[in-house]
Amino acid sequence: MPIVIYGESAGALGHEGGQGVEAVLLDDDDALAAAALDAVFAGIGATPPAAPAAPAADPALLHASLDRHPVPTAVVGEDPLRPLLYANAAFQRLLGIGAADADADAAAFARATALPTSRRPLLRLLRARLRGRRASETATLLDCDGGRRRVEIDYVPLGAGRRGLVSLRATGGGDLPPVRVLEIDPVCGIPRFGAGNDYLNAALEAAGASGGRVAVYHVDLDGFRAVNDNMDETVGNQALAQVAERLRTLLAERGRVWRLVSDEFVAVVPLRAAELEPMALGEALRARLEAPITILPYNVFLTATVGVALFPDHAQDAAGVLACAAAAMMQSKRTDVNAVRMYSDSERERRERHTLGYRISQALANGEMTLEYQPQVRAQDARIIAFEALLRWQSPQHGLLTASRFMHIADRQGLLVALGDWALDTACSQLSGWIRRGFDDVGVTVNIAGRQLLRPRFAEEVEAALTRHGVPAARLDLEIAENALATNFPRVRRTLAALKEIGVGLTLDDFGVDRSGLGYLAQIPVDKLKIDRSFVGGISTDAGEAVIARAIIAMGHELGLRVMAEGVETEAQLGYLRRNHCDELQGHLFAAAMPGAEAEALLHRRVLRPEAFAATRPDRTLLLLDDEENVLRSLVRLFRADGYRILTAANVRDAFQLLATHHVQVILSDQRMSDMSGTEFLGKVKELYPDTVRLILSGYTDLATVTDAINRGAIYRFLTKPWNDDELRAHIGEAFRTWSAQSQRTRERAR
């Protein structure tokens, strides 16, 4: 394996029985390489292979010579990032790699765990190497099991420059233990944390010497087990790899990231004077992982809880600061997931809570509180119908904080009602300005806490705010969390009835998360149900989430309520919700929350993402799935004359993506495909898109499989290849008529 001294390649390490360990420093000069190999083989009493008569320009001759010799040997260059140029079979067996992996693993070999624990002998060798002198030293190497072995190191220069021969032998005879490369996690492609202690210790040592600080982040993915359970482990592994890449890219040169175990990661960042405040960097890590991960046919939505600890603030050594970061993560998990938490002991936490509570009360007086507005659109045409007012705190100490960062502390400090009153009054003031400037058909939605609903005169306070700002009650919508109904329900019901008399709209938020909402739904005068984002993330690919969302939409419509979905991030989710008659939508697909001035600029457009709505417009759409390209071309030519909108897919993954982004009525699938059979594919489609009409077209007939699929309703008809053009067109036409009849019956039942 390569030896790397202070970041530079110093040779290749080999090992074979009692013949010792050899290291050769070579470049791409074949003549010099052959001479070095002769020296190595002579030094261990082996017979060298015959050297070529003249220097060869083709390195393949040198590689062939290496392959015939039993000594584990590698050709390395002077590039410290890619020192390994070639490894013979014995070398590959020693390190447990294949020939195809040798080049790809070069960087890993350069970071092998068999590193010197004593720098002084190697420093003398390095100086000798730079001066072109011969030298011998004894040093200690750390083997892969953590044990230390004394070795003899000989350096012999080869010509001018830094090229030379380095040989290593175990003192007292015997063999050196097998070496091991840095343990790269096979799933995530980043090191496991066991290999990260040297970096962390060095960072702590440097920070201690300079008076600096080091931040350690313990990142734990929330509910990741559900990804493996609901999708499969392959999807979970791909998601972990993308999580690791996002963390690595975000940190870039600022720090390092390792996989710890399962769905947990550790990041270490030496803090510089111009570095982000530790909590702000933690928030950046958390926010980066919140973005959807696309692994076709799925969109994976993950959140992370991040624990932060600082050296030397919280601990004086590596083990201590790691433990503090893990404790901070666990402390956060007990109260809030998808959050960032700095480590604190109980006393420090109490002081911080009181300080933050004091700052929150001062924030209102100092004008630090603000509202941002996220648009809500009509599912029919993407027209803006309202904005949800979201509370933010522009803290001088911590930057812009979302409500999840401080509202639980405000609640403990008794400040929740004051903040709610301020948000209601500010939202009415903003809405009044929009109405005066001609936007009199837009509304504002304000979140109301359960404590506000328990106040006897709350309805009167809302009416007073509307009167004070000249806002029609119909333009204000109040969102009530589902769990707020479980506390003193009789009083909450009276308050909601009083609000309804005023004329404001009422929305039951986070519907489906808390079972209490279903029991109270028929007893409260709400106008709208809001499907929680947890049921929207995988709606286009996960049968369980899809069933829940469809059930909420159907139940809401049966009760005469409008239904909104929040957390809409992709066109696939948009298409699915539109096809299942969701009334209103909200999410980053349309726009993130923004200041009032930017929200007003959107009102001049009124329609958001029209291209996405055009792509999901209902039409007579036929999806053709076949892994033979010539068959697809023939089918397209056949059906084009019938006026269908035709989509084609050569594999199941592409077919699922098309189903998620287009309103498909009829599907014609081949039976025998490489990734999944047609009946299996259509069985999954039936769960996700039950309103489609599904047909099989195949030259292969498995009567038992086909009969079972027909009996389960997975397929409508089974057609055989080769086909008769007229008969096949008639079957597809009948399938569209069947779909139209089914849709008509569904609409009649809804009325």
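Relevant structure appears above.
Rules used throughout
- Residues numbered from 1 in each chain as written.
- Predicted model: local features only at pLDDT ≥ 70, side-chain atom pairs only at ≥ 80, totals over all residues.
- Heavy atoms only, no water.
- Helix = DSSP H or I, 4+ residues; strand = E, 2+ residues; numbered from the N terminus.
- Buried < 20%, exposed > 50% of the residue type's maximum accessible area, 1.4 Å probe, protein only.
- Contact = heavy atoms within 4.5 Å.
- Areas by Shrake-Rupley, 256 points an atom, 1.4 Å probe, with all protein chains shown as cover.
- Pairing = 2+ DSSP bridges.
- Right-handed = clockwise from strand over helix to strand, strands pointing away.
- Axes fitted to C-alpha atoms, helices over the stretch in contact; angles between N-to-C directions.

Here we come to the overall build of the chain. Within the chain one finds 27 helices and 29 strands. Counting the 751 residues in the chain, one finds 50% classified as buried. Considering only contacts within the chain whose residues lie at least 6 apart along the sequence, 63% involve residues at least 24 apart. Working note: accessible area of the chain is about 33800 Å², and carbon and sulfur atoms make up 50% of it.

To continue, consider the pairing of strand S22 (residues 528–531). Side chains Lys528 and Lys530 of S22 all project onto a buried face; the interleaved residues Leu529 and Ile531 project onto the opposite face, where all are buried too. The pairing of strand S21 (residues 505–511) with S22 spans three bridges and is parallel. Bridge pairing in S22 places Thr507 opposite Lys528. Bridge count for S22 against strand S23 (residues 562–565) is four bridges, and the pairing is parallel. Residue pairing for S23: Lys528 is matched across the bridge by Arg562. With respect to chirality, the unit in which S22 leads through helix H19 (residues 543–558) into the neighbouring parallel S23 is right-handed.

A few words on the sheet that holds strand S26 (residues 645–649). Ordered by their spatial adjacency, five strands build an open sheet running S26-S25-S27-S28-S29, and the pairing between neighbours is parallel. Looking at the sheet topology across the chains shown, the edges are occupied by S26 and strand S29 (717–720). Sheet twist, expressed as the average angle between the axes of neighbouring strands with direction ignored, equals 20°. Here strand S25 (residues 621–625) runs beside S26; their pairing, made up of five bridges, is parallel. Each residue of the ladder has a partner; that of Leu625, found in S26, is Ala649.

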